[in-house]
Every structure is written in structure tokens, then in C-alpha cells.
Amino acid sequence: DVAYLRSVLPSTTDDAFFDYLATLDASEVTVTAIPEGSVVFPRVPFLQVKGPLLVVQLLETTLLCLVNYASLVATNAARFRLLAGPDMKLMEMGLRRAQGPDGALSASKYSYIGGFDCTSNILAGKLYGIPVRGTIAHSFVMSFRDVGCANSTFPWQDLPPRDGGDPVDLADLAVSWLQRVCDLLQTPPGKANQGELAAFVSYAVTFPCDFQGLLDTYCVRRSGLPNFCAVALALHQLGYQAIGVRLDSGDLAQQSKEIREVFRACGAHFQVPWFGTIPIAVSNDISEQSLEEFRRKGSEIDMIGIGTNLVTCPLQPSLGCVYKLVEVNGSPCLKLTEDEEKMTIPGMKAIYRLYDATGHPFMDLMALEEEPSPSAGQELGIHVLGQLGETTKVIPSTVEPLHRTYFRDGQVCEPLPSLPEVRTHAQVSLNLLSPAHRRLHEPKPYPVAVTERLHQLFLELRQGS
């Protein structure tokens, strides 16, 4: 690395500089941060780095790269979770649309933190322990032509009953069930695509305990649905239970209701009680607007797969976290600008979250690191950012210090939580917010404030500059 820097820096660069670079380490660096998975708000420093100036400046780009996209995707995932509600299963399936393989892995990991239940990214499952899920592809269904055509690529196999016994030709059994299903649904069996039935049978023979169907390769009502029901009922006859279906086109909410009606009708008519509760999954460019539409129309959807609009974050494609110098050799410093929102808040700070009597946070408060911690029940004189000229009095019922020291003297000094623990903390942190702050449309602004002492320091530095 040092040799490469020699090759690209001006030839007049002092050799002592390269000798110094060769000795750099993080032994004098201290990092404090808000725990991963916490809700954070604009202007609040969620990470503070102390150490030799050159070292902490060299860390800037790395740290911003690590936190910007991760925080963006986790936030986007949390928005989908809030819209979907706590009971809907959410699957991240954005690998094909993500910003390269590194972006795809990050998206899978931080979508899980934001509240998604599983991913279609097998590598993310291997590396991070995220539950993996998937369904049949349209290309798989389209690769079959006839239920009676055994070929070397997809050979037919008999399937033994789950409780033991002689193998049964599942294809023949499914064909017999197809006639009965079509009679119930009053649809002609000849309209059901035979290649689709063959694909379902082949999948069911391979995965009899995990059979699922993709219903919309051809016509859902006349082909996909009766073919699926026929294979699922044939499996049931042998002691197995199908695990779900997926829709990938059309009016997903309306179709889910129609499919649920068919499942219930089959369950009642053929005396298979679980059939009416077969899970229904949907995909197809799902967005926040899609979830709002599902809620408005009502649906029978149990799982939603989201890709493009999750991993590419189209509503806000980038997050503007910044890394600003606030103190040098014990002297606070201030970046001045005509735009008050872009002015830095000087000095090393402690961050506190103030809670009201109902247990909801109502304000984040920045104080100088050496100030005494505020106490529950104590009246505080504070200045809200954006209204710095005004003094406001608040009395918190609970005060929570947000920063913890995670890295000191070149070593991690606090146990880092597991990914499931971070995910749980994220949901707890979100659920603590009041509904007015948590709603996605026209939320009530969440105030961030500074103490009187920090405000006075800010004024002194601004006037001195």
C-alpha cells in the first residue's frame, strides 16, 4: 500500500511521510456510537471518533461507506415493515437489481435488520445466518410440455407415501385429482396447461414436504390454480402438505382473495381442513404504494417478496451522513455556513433520549461531554435546532444515554450484538416511537435540541469567527 502511494503522490513528497504511514495503527483511537439498530434523527451524531487527527481523517471515507448504504437500506426496510404490519411475512429478493454483489449482500443483511423475515440470497444466508426462502421460476414451469412426457432432463419418479408403503405415480394421481378440482371449479380440464402440471408434479416429487406453486405462468384461474390444487391434493392423499403459492402479476390483492375462496372450497369439499389456510405469497415490483393498496383493498396475502424498490431505495437513493471535525486538541471548532442546518455543533458531545410519561421518546438532547447528565424529573432549559434563539423548558420522565464506547486503545471493548439481536433492537426502537412520529405520511417532526451550555459555546464560536 505504501509503495502504491509513493507511485501516485508527487515525487517531492517527503520520505518521512511514507515512513510514518507504515507505522499507522488504531491504538489511540476511541469510537463511541449509538447501538446498531437504533432509530436516529437528523443532526444527531450517532458515531464519534477520537484519536490522532491524521488517523481519524483517514477513517472518514471507510466509516461513511460502511454506514450510509447500510442505514439507508435498513430504514427503507423498516418503512416496508411499518406499512405491512407485524404479522405479514416479508422476503427480500433484490439480488438481481442490487448495486453489484457487495451491494446485494449489504441489502440482504440490512433489510433483515430493518424487519424483513428472510432473503432469497443464499450467500447472505450462509454468511449471516439469515433465513433463506425461494419459489419456483417461470422458466422452470415453461421448460415442461406434457405431463406424460418423461425425458432425460426431468425424469418422472414415483413418490412413496409419507408414512411408508409402495411408491405411487404422482403424475397419474394428480391427473385424476385435476378432473375432480375442475368439476368443483366448473372449469374445463383441457384448459389447464399440461406442461405446468408436469412442472408442479416434478417439483412435488423432488420436494414433497415443501411443495409450492407459481400460479401465473399461464392463466391463474383456468390453469395455475387447478393444477396446483390437483398436485397439492394428490400429495395430501400420500400424507404430505403443500406450503404455499406465489403470484407475480395482475391485481395481486383481488387475485389473493379469489384464490383463498378456491382453497376454502377445496378444503371443505374434499374434507382437507388445512387447505383453506395455504399461504399466498406475492411479488412483482412491490412498492410502498403497493402495500398501501393491499391494505386499502383488503387481501388474503400472507407473504410479500420485495426486490427493486427495497434494495435500490428509489424514494431516496442515497443517505447524506457526514463526518465533521468538532474538536482539535481539546478546543471545540465550528464549521460556519449561511445555512444553519449545515452548521456543525461544536465539541465532543453526550447524547440523551428524553422520554415522556407514556414511554415514548419526545426529544434527543446534545450536551457537552463534560456536562452532568440530565435526570428524570429535572426541568431542563434547552434550545431546539432550527429554533436556537428560543429557550424551551422540558421535564423528561426518563433519560437514556445513547452513546456507548465500542472501541478503545485499538481494541473492541464491548461485546457486539448478533444480527438477530440487532434486528430485535431495531423493532423495539421503532415501536417505542409515538404514532405521530412513526407514521410515514406527514409525520410530526421529532425535535433535536442542545443544552444551554452547548448553545452558549455555539454562539461564542460563531461570533468569534
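How each quantity is defined
Residues numbered from 1 in each chain as written. Predicted model: local features only at pLDDT ≥ 70, side-chain atom pairs only at ≥ 80, totals over all residues. Heavy atoms only, no water. Buried < 20%, exposed > 50% of the residue type's maximum accessible area, 1.4 Å probe, protein only. Helix = DSSP H or I, 4+ residues; strand = E, 2+ residues; numbered from the N terminus. Pairing = 2+ DSSP bridges. Patch = residues over 30% accessible without salt bridge, like charges linked within 9 Å, V, L, I, M, F, W, Y side chains within 5 Å. Areas by Shrake-Rupley, 256 points an atom, 1.4 Å probe, with all protein chains shown as cover. Salt bridge = Lys/Arg side-chain N within 4 Å of Asp/Glu carboxyl O. UniProt positions renumbered as here; feature names shortened; annotations may be inferred. Axes fitted to C-alpha atoms, helices over the stretch in contact; angles between N-to-C directions. Left-handed = near helix turned anticlockwise from the far one by under 90°. Contact = heavy atoms within 4.5 Å. Nonpolar A, V, L, I, M, F, W, Y, C, P; charged D, E, K, R; others polar. Expected span 1.5 Å × (residues − 1). Right-handed = clockwise from strand over helix to strand, strands pointing away.

**Q** How would you summarise the pairing of strand 20 (residues 448-451) if you had to cite specific residues and measurements?
**A** For a regular strand, the rule is simple: side chains alternate between the two faces of the sheet. A two-sided burial pattern is seen for strand 20, the buried positions comprising Val448 and Val450 on one face and Ala449 and Thr451 on the other. As paired strands, strand 14 (residues 361-368) and strand 20 are joined by three bridges and run parallel to one another. Bridging across to strand 20, leucine 365 finds its partner in alanine 449.

**Q** Outline a nonpolar patch on the surface, listing residues and values.
**A** Taken together, the side chains of Tyr4, Leu5, Val8, Leu9, Phe17 and Tyr20 present a nonpolar region at the surface, about 530 Å² in accessible area. Put simply, the parts of the chain that give the nonpolar patch at least two residues each are helix 1 (2-8) and helix 2 (15-21). With three residues, helix 1 is the largest single contributor of residues to the nonpolar patch. Assignment of secondary structure puts tyrosine 4 in helix 1. Residue class for tyrosine 4 comes out exposed when judged on its relative accessible area of 57%.

**Q** Pulling in residues and values, what's your account of the UniProt feature "domain: Nicotinate phosphoribosyltransferase C-terminal" (unreviewed entry) in the protein chain?
**A** Feature annotation in UniProt places "domain: Nicotinate phosphoribosyltransferase C-terminal" (unreviewed entry) on residues 349-457, given in this structure's numbering. Annotated as 22% helix and 35% strand, the span residues 349-457 places its first and last C-alpha atoms 12 Å apart.

**Q** Help me get a handle on the side chain of threonine 32, residues and values and all.
**A** Relative to the assigned elements, threonine 32 resides in strand 1 (residues 30-33). Taking relative accessible area as the criterion, threonine 32 reaches 11% and is therefore assigned buried.

**Q** Explain the packing of helix 9 (residues 194-206) against helix 10 (residues 220-237) residue by residue, including any values.
**A** As a packed pair, helix 9 and helix 10 sit with axes 9 Å apart at the nearest point and diverge in direction by 30 degrees. For the crossing formed where helix 9 meets helix 10, the hand is right-handed. In this structure, helix 9 uses Glu196, Leu197, Phe200, Val201 and Ala204 to contact helix 10, whose residues at the interface are Ser223, Gly224, Asn227, Phe228, Val231 and Leu235. Within the contact of helix 9 with helix 10, the residues separate by chemical class into seven nonpolar, three polar and one charged.

**Q** Report on helix 16 (residues 452-464), specifying residues and quantitative values.
**A** The terminal C-alpha atoms of helix 16 lie 18 Å apart, and with 13 residues this matches the ideal 18 Å at 1.5 Å per residue to within 8%. For helix 16, the set of buried residues is Leu454, His455, Leu457, Phe458 and Leu459.

**Q** Please set out the pairing of strand 8 (residues 244-247) residue by residue, giving values where relevant.
**A** Residue alternation in strand 8 divides its side chains into two sets, Gly244 and Arg246 and Val245 and Leu247, and both sets are buried. In this sheet, strand 8 lies alongside strand 7 (residues 212-214) in parallel orientation, the contact comprising three bridges. Bridging from a neighbouring strand, glutamine 212 pairs with glycine 244 of strand 8. In terms of handedness, the path from strand 7 via helix 10 over to strand 8 forms a crossover that is right-handed. The sheet contact formed by strand 8 and strand 9 (residues 280-282) spans three bridges and is parallel. Bridge pairing in strand 9 places leucine 247 opposite valine 282. Taken together, strand 8, helix 11 (residues 252-269) and strand 9 constitute a β-α-β crossover, and its handedness is right-handed.

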